[in-house]
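Structural overview for review
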Amino acid sequence: MYVAAKGGEKAIRNAHALLGKRRRGDAGLPSITLDQIAQQLTLAVDRVMAEGSLYDVELASLAVKQARGDLIEAIFLIRAFRTTLPRFGNSRPLDTGDMLVRRRVSATYKDLPGGQLLGPTFDYTHRLLDTALGGEGGEYPVETGSDAPLAMPRVTDLLGQEGLIEAAPQDDGSEPFDITRAPVSFPVDRATRLQTLARGDEGYLLALGYSTQRGYARSHPFVGEIRFGDVEVVLDVPELGFEVSLGTVQVTECQMVNQFKGSAEVPPQFTRGYGLVFGQCERKAMSMALVERALRWQELGEEPGSPAQDEEFVLSHCDNVQATGFVEHLKLPHYVDFQAELDLVRRMRAESPAQMKEAAE
Amino acid sequence: MSHPAAAALSAGFDDPVFDAQASFRAAMWALARPGRVERLDARLAPPAPLLPEAAALALALCDYETPIWLDAPLAAAPAVGAFLRFHTGAPIVEEPGAARFALIADPRGLNDFTAFPQGSPDYPDASVTLILQVESFGKSDLVLEGPGIKGTAGFGAAPLPVDFVARMAANRALFPRGVDLLLAGAGGVAGLPRSVFVKEG
Amino acid sequence: MSAQATSSMPRSSMPDITYNFAYLDEQTKRMIRRAILKAIAVPGYQVPFAAREMPMPYGWGTGGVQVTAAVLGPKDVLKVIDQGADDTTNAVAIRGFFEKTARVATTTATADATVIQTRHRIPETALNENQILVYQVPIPEPLRFLEPRETETRQLHALAEYGLMHVKLYEDIARHGHIATTYAYPVEVAGRYVMDPSPIPKFDNPKMDDCPALQLFGAGREKRIYAIPPHTRVHSLDFEDHPFKVQHFAKPCALCAATGVYLDEVILDDKGGRMFVCSDTDYCNTRQAQGHVGELGVPAEDAA
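Residues numbered from 1 in each chain as written. Chains lettered and ligands numbered in written order. Predicted model: local features only at pLDDT ≥ 70, side-chain atom pairs only at ≥ 80, totals over all residues. Heavy atoms only, no water.

**So, the overall build of chain B**
In terms of regular secondary structure, chain B is built from five helices and 10 strands. A globule of 201 residues ought to have a C-alpha radius of gyration of about 17 Å, and chain B, at 16 Å, matches this closely. Classification of the 201 residues of chain B by burial places 58% in the buried group. Considering only intrachain contacts with a sequence separation of at least 6, the fraction spanning at least 24 residues in chain B is 70%. Working note: accessible area of chain B is about 7,700 Å², and carbon and sulfur atoms make up 56% of it. Counting 15 positive and 21 negative side-chain charges, chain B places the averaged centre of each group 7 Å from the other. (Helix = DSSP H or I, 4+ residues; strand = E, 2+ residues; numbered from the N terminus. Rg over C-alpha atoms; globule rule 2.2 N^0.38 Å. Buried < 20%, exposed > 50% of the residue type's maximum accessible area, 1.4 Å probe, protein only. Contact = heavy atoms within 4.5 Å. Areas by Shrake-Rupley, 256 points an atom, 1.4 Å probe, with all protein chains shown as cover. Lys, Arg positive; Asp, Glu negative; His and termini not counted. Charge placed at Lys NZ, Arg CZ, Asp CG, Glu CD.)

Written out as structure tokens, the structure is:
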């Protein structure tokens, strides 16, 4: 006698209850507040906003908490919420040249107008565990200057004055493709490429960017500039006849300056790889810029053949919400398909030496 | 607003969610079962000569992503364009070649299908859906065959272009490219997708 | 459905989050509905659509869920199955999603449903002309495993160039003596497009042919919708000397004694004991209630 396993509903309920309990952890400890997450796990929150494609510190903090610190899960929560939001309009393009800069470094010039501004960075820290942080203490007053943001010109604009770098693509005023509202088809235009990379997985882009440095589509990159700071978001309201400022967002912008030998039409000059990400996500912005440049091989008449140059491959697999869903779906029951394969394998084995009869065709 | 008609704009769906769903479902079954008239209970009073059934389909299916083209009788009534723009947000276009949907009040005067987008071999879906207003269904003087039809089915609607059978044959010959037709009026909607073979009965 | 902020938050309290009927906003539904209409007009052709993120992972039925959400109305009766069963965890989760967001009636009885969302099976009970079968599709492109590039496969479909697929199937015959594809077995729809039927066992393929119900296919991650209208010719690819054949099972269902149905293998112990039972739980339960008893089953009146 056999009774089939039932009770999916109850099992799911119980699993969710257990998840809630584990998320909370020891009930004797205070529950972590969203303010604490927003203030103390800023870079996690920034990554969730960047790859979740929604600039909302409070909701991103909530997602980090709800996801128990699993950032891809948190990104997924934000995306699923974002997709339900109505559109009121499109902002004007952000002007990162008008950024109030909190950090800005250039690897191409020792000094430049506006100067180098290290800002809040892990660079040059000694990666030694700071046991003081393990306790309640850890006051870190800023000793010198202030962290008030400054305005400064972009390095690539300075290079552009001499014509040594390709001109930034002009805004032709057309409505850019929106990867969240229309299905992508290949080959893609620049807007589609940049949007897809901007919400792409940091680790994936990091690995691909790294591969270009190791010779797979080497592009001799220099960090022209990385800047992080606050940019105003402005909306045109036709009904009002004037523009309205919606506030500021923090973004990281990376302009890679890459070698280019020139071609029949174009003299030797530097080319650009571009990265722009919500929040302070330098590693992501740099990786994005490297990959963006590698994907431009055709336009620049370069040799193809490296993984980072393969547009369909790179862009089809960079979304971690899609990737994690499909990889993890293998956990779902597949016993119908497996049964079909099982039957086939048994049959093929039976056909060679005659044996195994019970499930044969 | 420059249209004085906008002041007297006719109302849209009573229930935007469920009325849109019901209108879509009628259109869906109409295309899935070519020639079978699906009931379409359009509780709308659009400006003439737009019929309530055609208006219900437009409101259910169109929005800012779907340019609409209007035939001469509809284009001649500014209140029709104002009604559609207000309730759907869809741009009304002059060029039939730019349309995703075309509303036809007078099927007898319908442009050649080739004036409208017919899709490409790669993307046959990038084609127009024509919404033809009809006064009646019945009198099965046409025979339909193809996906969605068990065997053959009789079909009739009026008015239709005089060379309708020849047009539909040319449209079928383009398959998988081609245009799709929804015929709306008389409390119903019927579909003639590009996959259907239309013959004289 | 609404989400409330935790009360411990000292700052601004979170606003209520409310969702539309069947979760999707109306603009998204219109976009999906337009894709469905084109899919029906071009049977078997994969219509690109702007799939949205759903509150369940990609690969877990987001395409099917979006199609269901776009067609569903307040009078519908919804059935959700995964691997043929109504009570598998993912089927339970998806059914619960629509109960919560659309408050529609749900059922496990195939005959009572107007919309059936499925993963990997077609019900054993014959479908009727008032039903919509919505398939969850992981990889909609039947040529994908032969040619990974969308730019290439789109061309092949445009030219109806399906030689690659026939070569693949014929290589199987050369190597194994028969075609070694057992699920997601490719079909030709209405004499034109080669289509992936989703990972249903090839056992179910014949049910697609001339089916009175409307069959809709949704692939969320891959952003494709396709359709088979009712009474459409669906031909499983084969060769004259190797005609298409479905699996058959040596024994009837151990619980309801059904034959000619798809069976799941259940391992009973660690000594090689196993049995075969209906994968379609509704079909099996109905038969048991009607008094059919398999060799390991319990007569209906004896079951507590």
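**Describing the overall build of chain A**
The number of helices and strands found in chain A is 12 helices and five strands. Summarising its shape, the C-alpha atoms of chain A cover approximately 85 × 65 × 55 Å along the three principal directions. Going through the 361 residues of chain A one by one, you find that 42% of them count as buried. Across chain A, every contact between residues at least 6 apart in sequence was considered, and the portion connecting residues at least 24 apart equals 63%. Working note: accessible area of chain A is about 20,400 Å², and carbon and sulfur atoms make up 57% of it. Distance between charge centroids for chain A: 7 Å, based on 38 positive and 52 negative side chains.

**Comments concerning the interface of chain A and chain C**
With 53 residues of chain A at the contact, the number on the chain C side is 69 residues. Overall, the association of chain A and chain C removes approximately 5,600 Å² of surface from exposure, summing both partners, and the carbon and sulfur fraction of that is 58%. Taken together, the connections running from chain A to chain C amount to four salt bridges. In this structure, the salt-bridge partner of E53(C) is R199(A), at a minimum N-O distance of 3.1 Å. At the boundary of chain A and chain C, one finds 21 residue pairs in polar contact (both at pLDDT 80 or more). Looking at the side of chain A that touches chain C, the elements that each hand over two or more residues are α1 (8-24), α2 (34-40), α4 (57-66), α5 (71-82), α11 (320-328) and α12 (335-351) of chain A. A total of 13 residues in the side of chain A that touches chain C trace back to one element, the largest contributor, which is α12(A). Per-class residue counts for the side of chain A that touches chain C are 25 nonpolar, nine polar and 19 charged. (Buried area = accessible area lost by both parts, 1.4 Å probe. Salt bridge = Lys/Arg side-chain N within 4 Å of Asp/Glu carboxyl O. Polar contact = N/O pair within 3.5 Å; in protein donor to acceptor, adjacent residues only side chain to side chain. Nonpolar A, V, L, I, M, F, W, Y, C, P; charged D, E, K, R; others polar.)

**Topic: α12(A)**
Compared with an ideal rise of 1.5 Å per residue, which puts 17 residues at 24 Å, α12(A) spans 24 Å between its outermost C-alpha atoms and is within 8% of the ideal. Those residues of α12(A) lying buried are V336(A), D337(A), Q339(A), A340(A), D343(A), L344(A), R346(A), R347(A) and A350(A). Among the structural elements, β11 (263-267) and β12 (274-278) of chain C are those in contact with the buried residues of α12(A). (Expected span 1.5 Å × (residues − 1).)

**Some details on the pairing of β11(C)**
Residue and element names in this part refer to chain C. Judged by how many residues are buried, β11 sits mostly within the fold: four of five residues are covered. Where β11 and β12 come together, five bridges link them in antiparallel fashion. Note that in β12 the partner of D264 across the bridge is V277. Turn length for the β11-β12 hairpin, with the two strands adjacent in sequence and antiparallel, is six residues, and the turn residue G272 shows positive phi of about 90°. (Pairing = 2+ DSSP bridges.)

**Re the interface of chain C and chain B**
Contacts between chain C and chain B engage 43 residues on the former and 43 residues on the latter. A combined buried area of about 3,400 Å² lies between chain C and chain B, and 62% of that area is made up of carbon and sulfur atoms. Ranking the residues of chain C by area buried against chain B places R34(C), L37(C) and K38(C) at the top, with a combined share of 21%. Our enumeration of links across chain C and chain B arrives at seven salt bridges. Put simply, D63(B) and R30(C) hold a salt bridge, and the shortest N to O gap is 2.8 Å. Across the chain C-chain B interface, the total number found is 23 residue pairs in polar contact (both at pLDDT 80 or more). If you list the elements that add at least two residues to the side of chain C that touches chain B, you get α1 (26-41), β1 (47-48), α2 (62-71), α4 (150-158) and β8 (214-219) of chain C. Its residues assigned to classes, the side of chain C that touches chain B comprises 24 nonpolar, eight polar and 11 charged.

**Considering unusual backbone geometry**
For the bond running from F186(A) to P187(A), omega is -5°, close enough to zero to count as cis. Here P187(A) lies in the loop between α6 (155-161) and α7 (190-198). A cis amide bond links A48(B) with the next residue in sequence, P49(B), at an omega value of 0°. By the element assignment, P49(B) lies in the loop between β1 (38-39) and α2 (52-61). Even without glycine at this site, A190(C) takes up a positive phi of about 50°. Following the sequence through the fold, A190(C) ends up in the loop between β6 (187-189) and β7 (193-195). Exposure remark for A190(C): the relative accessible area of 27% places this residue in the partly exposed category. Although it is not a glycine, D210(C) adopts a positive phi angle of roughly 55°.

**Considerations on the pattern of salt bridges**
With the rule as written, the count across this model stands at 53 salt bridges over all chains. Close ionic contact of E292(A) with R193(A) constitutes a salt bridge, the shortest N to O distance being 2.8 Å. With E292(A) in helix α9 (residues 282-294) and R193(A) in helix α7, this residue pair connects regions lying 99 residues apart in the sequence. Judged by its relative accessible area of 1%, E292(A) is buried. For R274(C), the salt bridge is made with E265(C), and the minimal N-O distance between the two is 2.5 Å. Relative accessible area serves as the criterion here: at 30%, R274(C) is assigned to the partly exposed category. One salt-bridge network, in which partners are shared between bridges, spans R47(A), E51(A), D201(A) and K284(A).

**A short note on the sheet that holds β7(C)**
All names here are of chain C. Read across the sheet, three strands follow the order β7-β6-β10 without closing on themselves; strand pairing throughout is antiparallel. If you trace the sheet from one side to the other, it starts and ends with β7 and β10 (234-236), each paired once. Within this sheet the neighbouring strands show an average axis-to-axis angle of 30°, counted without direction. Looking at chain direction, β6 and β10 are connected through three bridges and run antiparallel. Bridged to V189 within β10 is V234. (Axes fitted to C-alpha atoms, helices over the stretch in contact; angles between N-to-C directions.)

**A short note on the confidence of the model for chain A**
Scored by pLDDT, chain A has a mean of 88; 92% of the residues are at 70 or more. Scored below 50 in pLDDT, residues 354-361 of chain A shows 17 contacts in the model against residues more than four places distant or in partner chains. (pLDDT = per-residue confidence, 0-100.)

**Things to note about the nonpolar core**
Membership of the largest hydrophobic core comes to 116 residues, with the highest contact counts inside it found for M28(B), L103(B), I36(C) and L216(C). Looking at this core element by element, the count peaks at 10 residues for helix α1 (residues 16-32) of chain B. Sequence-distant contacts of I36(C), that is, excluding residues within four places in its chain, are made with F24(B), M28(B), V67(C), A70(C), V71(C), L216(C) and I225(C). (Core = buried A, V, L, I, M, F, W, Y, C linked by side-chain atoms within 4.5 Å.)

**Points about the sheet that holds strand β5 (residues 271-278) of chain A**
Residue and element names in this part refer to chain A. Overall, antiparallel pairing links the five strands, which are arranged β2-β1-β3-β4-β5 in an open sheet. Each edge of the sheet is formed by a strand with only one pairing partner; in this case those strands are β2 (150-151) and β5. Both strand β3 (residues 221-237) and strand β4 (residues 242-258) contribute to a ladder of 16 bridges, which runs antiparallel. Note that in β4 the partner of E232 across the bridge is T248. Sheet contacts for α9: β1 (100-105), β3, β4 and β5; angle to β5, the most-contacted strand, approximately 145°.

**Observations regarding the domain arrangement of chain A**
Residues and elements named next belong to chain A. Per the domain assignment, the segments making up chain A are domain 1 (9-82) and domain 2 (100-119 + 149-318). For domain 1 versus domain 2, the distance between C-alpha centres works out to 29 Å. With 12 residues of domain 1 in contact, the opposing surface of domain 2 contributes 16 residues. Summing both partners gives a buried area of about 1,100 Å² for domain 1 against domain 2, and 52% of it is carried by carbon and sulfur. In terms of surface lost to domain 2, no three residues of domain 1 exceed A50, E51 and Y55, which account for 46% of the buried area on that side. (Domains from an automatic or database assignment.)

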